[in-house]
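Per-entry structural report
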Amino acid sequence: MARTVEWKVRLHLFEEGSTTKAPMVLDTGATMLTGHGTARCNPPDPNVPGIGDELAASRAMSDLAGQLARTASDDLEGVQESLRRSAKVTT
């Protein structure tokens, strides 16, 4: 069975001083999840905004990936429980 779906991901980067924040929103059409990432420049290091953007974005992606994995696991558990209940009813 062939199937094509499109999920939308939005990433916003906000820089305040030496801190970069990156909320990342995943919209599957049925679910919306938001990952959060933050990067802080170490005071003795040079402030290079691009590096902060990359770190904050990667941390937001990692957070979002963890949430998505937990959501999939919970959904799978729900389906399995439903199948177990259906099997008990028919026996």
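See the structure above.
Not measured: the values here are computed from a predicted model. (Residues numbered from 1 in each chain as written. Predicted model: local features only at pLDDT ≥ 70, side-chain atom pairs only at ≥ 80, totals over all residues. Heavy atoms only, no water.)

Turning our eyes to something else, we now look at a nonpolar patch on the surface. Residues Val-5, Trp-7 and Leu-68 make up a contiguous nonpolar surface patch of about 270 Å² in total accessible area. With respect to the helices, strands and loops of the structure, Val-5 is situated in the segment before β1 (8–11). For Val-5, a relative accessible area of 48% puts it in the partly exposed group. (Patch = residues over 30% accessible without salt bridge, like charges linked within 9 Å, V, L, I, M, F, W, Y side chains within 5 Å. Areas by Shrake-Rupley, 256 points an atom, 1.4 Å probe, with all protein chains shown as cover. Salt bridge = Lys/Arg side-chain N within 4 Å of Asp/Glu carboxyl O. Helix = DSSP H or I, 4+ residues; strand = E, 2+ residues; numbered from the N terminus. Buried < 20%, exposed > 50% of the residue type's maximum accessible area, 1.4 Å probe, protein only.)

Membership of the largest hydrophobic core is limited to 8 residues, which are Ala-22, Met-24, Leu-26, Leu-33, Ala-39, Ala-56, Ala-60 and Leu-64. Broken down by secondary-structure element, the contributors of at least two residues to this core are β3 (19–27), β4 (32–40) and α1 (49–90). Leave out the neighbours within four places in its chain, and Ala-56 touches Thr-20, Lys-21, Ala-22, Gly-37, Thr-38 and Ala-39. (Core = buried A, V, L, I, M, F, W, Y, C linked by side-chain atoms within 4.5 Å. Contact = heavy atoms within 4.5 Å.)

With that settled, consider the side chain of Thr-19. The topology assignment puts Thr-19 in strand β3. Judged by relative accessible area, which is 18%, Thr-19 ranks as buried. If near-sequence neighbours (up to four positions away) are discounted, Thr-19 is found in contact with Phe-14, Thr-38, Ala-39 and Arg-40.

Glancing now at the pairing of β4. Alternating residues of β4 divide into Leu-33, Gly-35, Gly-37 and Ala-39, all buried, and Met-32, Thr-34, His-36, Thr-38 and Arg-40, none buried. In the sheet, β3 pairs with β4 via 9 bridges, with the strands oriented antiparallel. Looking across to β4, one finds that Thr-20 is bridged to Ala-39. Counted along the chain from β3 to the antiparallel partner β4, the turn is 4 residues long, and its residue Gly-29 has a positive phi close to 95°. (Pairing = 2+ DSSP bridges.)

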